[in-house]
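Here is how the chains run, residue by residue.
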Amino acid sequence: MYLKSTICALAVLCAMPQMSIAETAEKNIHENNRDTVTALSEVAVVAKMKQKNNLRDEALSSTTIKLGEIERKQIISLHDASLQTPNLHIPEYGSRMTSSIYMRGLGSRIDHPAVGMYIDNIPQLNKNGFDAALWDIMRMEVLRGPQSTLYGRNTTGGIINVYTLSPQVYQGGRFSAGYSSGETYNIKGSIYLKPSEKVAFSIGGNYLNRGGFFENEYTGEKADWEESGSGRFRFIYTPTERLTIDNSFIFGKVDQGGYAYRLLNRETGALAPVSYNDECGYERTTVLDGLTVSYRGDKLIFSSTTTWQYLNDNMTMDQDFSPASIFTLQQGQKENTFTQDFVLKRASQERTWQWLTGITLFHKDMDMDAPVRFKEDGIENLILRNINDNIHKYMPQATLSFKESEFDLNSTFDLPAYGAAAYHQSQITAGKFTFTAGLRLDYEKASIDYSSATAINYILPPFVREYKLVESRMDGELEDDWLEVLPKLGIQYSLGNNGNIYASVARGFKAGGFNTQMFSDILQNQLKSDMILGMGIPDRVMDMIGLTPEATYTPEEVIAYKPEYSWNWEMGAHLNFLGGKLVADAALFYISCTDQQLTVFPEGQTTGRMMTNAGKTRSMGAELSANAQLTTALNLGIAYGHTSAEFVKYDDGINNYKGNKVPYVPQNTFSANASYTFWCLGKFLDKLQLRAGYNGIGKIYWDEENASVEDFYSLLNASVYAEKGKFSLELWGKNLTDTNYNAFHFVSMGNTFLSQGRPAELGATVTFQF
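The rules we used
- Residues numbered from 1 in each chain as written.
- Predicted model: local features only at pLDDT ≥ 70, side-chain atom pairs only at ≥ 80, totals over all residues.
- Heavy atoms only, no water.
- Axes fitted to C-alpha atoms, helices over the stretch in contact; angles between N-to-C directions.
- Helix = DSSP H or I, 4+ residues; strand = E, 2+ residues; numbered from the N terminus.
- Left-handed = near helix turned anticlockwise from the far one by under 90°.
- Contact = heavy atoms within 4.5 Å.
- Nonpolar A, V, L, I, M, F, W, Y, C, P; charged D, E, K, R; others polar.
- Core = buried A, V, L, I, M, F, W, Y, C linked by side-chain atoms within 4.5 Å.
- Buried < 20%, exposed > 50% of the residue type's maximum accessible area, 1.4 Å probe, protein only.
- Expected span 1.5 Å × (residues − 1).
- Bend = angle between axes of the 7 residues up to and from the residue.
- Phe/Tyr/Trp six-rings, centres within 6.5 Å; stacked < 30°, edge-to-face > 60°.
- Lys NZ or Arg CZ within 6 Å of the ring centre and 35° of its normal.
- Patch = residues over 30% accessible without salt bridge, like charges linked within 9 Å, V, L, I, M, F, W, Y side chains within 5 Å.
- Areas by Shrake-Rupley, 256 points an atom, 1.4 Å probe, with all protein chains shown as cover.
- Salt bridge = Lys/Arg side-chain N within 4 Å of Asp/Glu carboxyl O.

**Focus on the packing of helix 7 (residues 376-392) against helix 8 (residues 519-533)**
One way to put it is that helix 7 packs onto helix 8 with a least axis distance of 12 Å and a crossing angle of 35 degrees. The two elements helix 7 and helix 8 cross, and the hand of that crossing is right-handed. Residues Leu382, Ile383 and Ile387 of helix 7 lie in contact with helix 8, whose contacting residues are Gln524, Lys528 and Met531. For the contact of helix 7 with helix 8, the per-class residue count stands at four nonpolar, one polar and one charged.

Written as structure tokens, this is what we have:
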């Protein structure tokens, strides 16, 4: 009876806000109390060199999601996390490769991200690896606004920091199994050990198998099936109180279908079923290793973080998304990335002047193979028909044809990049004011070595009476480099226990690059021209029959795009009410962006997409979040973000988009959550929690013309969580109203396609913890 009362009392204490329970949790960590794990994750000091442990003490807008909230809200991906974060939009469509992230009007669908991501201090430089399974996450932090001064490239929108559960703060085992809609099975397990005061380590893994939600009508099978898994090993060694060595090793594997895109009938608005005949899928292998060595002296703290990232993936796509045999795309990447970050900062937090200085180095090398295969219908409709239509106007008896029913446009790329940066930030406190100034000098160089080739046999009687081979090839190199100065300034005024108000300005930088996906179009046009020129037909006859070489463009003209720059002006407040039982954060921002990078689909029967630079855009908006823990049982929370992102100057030579909304950016994001917890329900349950949640997103414009739009839509979620001793059971549901909404829209070959969001999902998760 005494033990039961003690456990119940501890559970209530864990739920109380603003209470330091680190000592109590550490003392009872081995007593199999599940709430202790959540409590520890909330109070544990994370080894962070560049930010304060409590982001609400800084002059920035942020959201922190802790372990208990992550697990109760079934946050297993970045998409799930984005639903709880103002002005962060991570749509779920296509495959795990398409990790598009939009924050405050900034984002991109391909190539470089506008938002950076770190896992246990390991920077993720390739967005293809962003969408990975999240499990045993101690906390997630979303920092909004440019973080380029401290973190460098590709953080114009902000960064996402993910910290896994540390064996230093929790020892024991955690195992769970779940089943949910879409024939989805999920199993995970982990063990955290601390055999001595100097050594702690953990090992764990997860496995997911999903049957899918959307059927491919052509094959009769699910298009979006998935099988994936990951493993994690972490080792922490503290030989002295001053020295800490922390190594994280993460392995991930993904094998899935995907790209459940539906053709839109523009006249009726009806969506055709998912139906395509060629293979669509994505495979990925990732390996991450990060070694952090930190030394704490009497006056200074030094940290060194060395990381290696390996990504090997392959995308296969029926790029016409139809039952016709038009063309397919395969894109495989092998990338090795090395980064090094040195940070030195003042140890004492009581000094008037706090500062940190750092040096960052990185080298990335990517090999890409991206063949496009033209099939029978594609050869006829995209190549031969246009040419023969011209010929038949003058010579109906002459018809161009190919010997092959399929041929490849082969392209390989070597894409190395490297960079170095030095940065400094100082904070000076004068009374209730804190002044922040930072500066980064960043150099980066990127290059591309490309080789593209194709060949085909053709015949055109009476001019070419036997099949003749035509070969087209393009080889070359391009490079570019950038030297950037990235400053930031901030001022903060303390309101004591009631919080603080702040204002800041910062510059963001997103690297330029190369449009590899346009090479198939360039090579196709080159092939047509080489074929016509190789026919040996006199010019006057060519003119007579309407057979003239097409105007071609060179890789140098279309594949390079420039860096993106932004200035972010912001003011906000972090406020505490009712003794900390009610906390609220608010921010207003204005962003001026030049050369914003946008993904566009060229006009006509093209097969590629490309990144281009808009002249200038501006984003303005607001963020508001609040959380109330008025009793030990009731918790209420809301988060709202509004963004108005418009083109200030953007003329592509055909259309002027000034005043139009930037595509793919939601104007509003909203979430509301409520939970009620019953404690110590007799001998049957130790804890019962009921939770309901609401998410609203929209509207979203799908193109620069603002001709297509997704209106505001709503999603309803709920869960029931029951706990007894070492075991727990959770019943949960997402999109309970089965809202029909679109997560993605694009135009290819003149056709409009949509990707629908997932329907209603129901699931159950059983957990055992010791």
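Next comes the rest of the write-up.
**Examining the nonpolar core**
Core analysis: the biggest nonpolar cluster contains 89 residues, and Tyr259, Leu400, Phe402 and Ile448 have the highest contact counts within it. Among all residues touching tyrosine 259, those that are not within four sequence positions of it are Gly94, Ser95, Met97, Thr98, Tyr276, Cys280, Gly281, Tyr282, Met315, Thr316, Met317 and Phe321. Membership of the second largest hydrophobic core comes to 22 residues, among which are Leu88, Ile90, Phe130 and Ile160.

**Remarks on helix 7**
Note: α-helices contain 3.6 residues per turn, so residues at a spacing of three or four share the same orientation. For helix 7, which comprises 17 residues, the first-to-last C-alpha distance of 21 Å sits more than 12% below the rise-based estimate of 24 Å (1.5 Å per residue). Along helix 7, the largest kink reaches about 50 degrees and is centred on leucine 384. Of the positions making up helix 7, those classed as buried are Gly378, Ile379, Leu382, Ile383, Leu384, Ile387, Asn388 and Ile391.

**Description of the packing of aromatic side chains**
All told, the structure shown has 38 aromatic pairs when counted by the stated rule. Between the aromatic rings of phenylalanine 647 and tyrosine 650, the centroid separation amounts to 5.1 Å while the plane-to-plane angle is 40 degrees, which identifies the pairing as tilted. Tyrosine 650 carries the same exposure label as phenylalanine 647, and that label is buried. Positioned above the aromatic ring of tyrosine 151, the side-chain terminus of lysine 50 is 4.8 Å from the ring centre. Here the basic side chain of lysine 734 rests over the ring of tryptophan 732, its NZ or CZ set 5.5 Å away from the ring centre.

**Points about a nonpolar patch on the surface**
Taken together, the side chains of Phe175, Ile191, Leu193, Ile203, Phe233, Phe235, Tyr237, Phe249, Phe251 and Phe770 present a nonpolar region at the surface, about 800 Å² in accessible area. Counting residues per element, the ones that place at least two in the nonpolar patch are strand 10 (184-193), strand 14 (226-237) and strand 15 (243-256). Here the nonpolar patch takes three residues from strand 14, the largest share from any one element. In this structure, phenylalanine 175 sits in strand 9 (residues 172-180).

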